[in-house]
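# Analysis of the macromolecular model
Residues per chain are reported as follows:
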Amino acid sequence: MEYLVRAESFKKYNLIVNNSISGEMTYMGWFNSHNPSFKIKNINTYRIEKPSIWKTNFKVISLNQVVLECNFKWNGHVIIQLYENDEVKTMTLKLQSIWKSNYILFNELGNEILKVECNYSWKNWKTNYNIHEHINFATSNKEILYLSLIHCIIVLKNMAAAAGA
């Protein structure tokens, strides 16, 4: 199945499935790329918690229960833990290659779950993301996982830009 995350602006991203919006990620301030808010199917029950202002790691919490946890590693990988029904699924987000800005999500066994293609438009200065699932990935938190992946990619790109400056 394919998903599209379309940038409406620099602060708002929509998750589109079958030509309808199923989720939304919004950054609050002009230069605040650390604490987005998530709205899934018009329900705003998700919040982001960070362990400190100095760390990039974050947790997504819904109704005082951790749904997702993202830990950024020094080598550019992101370890993602998805909590569901007293089960923890651990995944790794990696850059596909230096020359392409596509990312791949791997499961615990090292199998490819999905690929995120980043499509930057110079005409309107926006990046849209295509998510291609390689296997049938079943979870009740798919929308929050996909929007969190996009947030992780934005953070990784901002870190790379800051390191190159």
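Everything below is about the structure shown above.
Quantities reported herein were computed from a predicted structural model and do not represent experimental measurements.

Cut-off values and rules
- Residues numbered from 1 in each chain as written.
- Predicted model: local features only at pLDDT ≥ 70, side-chain atom pairs only at ≥ 80, totals over all residues.
- Heavy atoms only, no water.
- Buried < 20%, exposed > 50% of the residue type's maximum accessible area, 1.4 Å probe, protein only.
- Helix = DSSP H or I, 4+ residues; strand = E, 2+ residues; numbered from the N terminus.
- Pairing = 2+ DSSP bridges.

With five of its six residues buried, strand 2 (residues 12–17) lies for the most part within the structure. In terms of strand pairing, strand 1 (residues 2–7) meets strand 2 through four bridges, oriented antiparallel. Following the sheet pairing, R6 is matched in strand 2 by N14. Here strand 1 folds back onto strand 2 in antiparallel fashion, the turn holding four residues. When strand 2 meets strand 3 (residues 20–27), the two strands line up antiparallel, connected through six bridges. In the sheet register, Y13 faces strand 3, and the bridge partner there is M25. Between the antiparallel neighbours strand 2 and strand 3 lie two residues, among them N18 with a positive phi of about 50°.

With that out of the way, let us pick up the pairing of strand 12 (residues 126–133). The buried count for strand 12 comes to six of eight residues, which makes it a mostly enclosed element. Here strand 1 pairs with strand 12 via four bridges, running antiparallel. Directly across from E2, in strand 12, lies its bridge partner H132. Alignment of strand 11 (residues 112–121) against strand 12, held across eight bridges, turns out to be antiparallel. Residue pairing across strands places S121 opposite K126, the latter belonging to strand 12.

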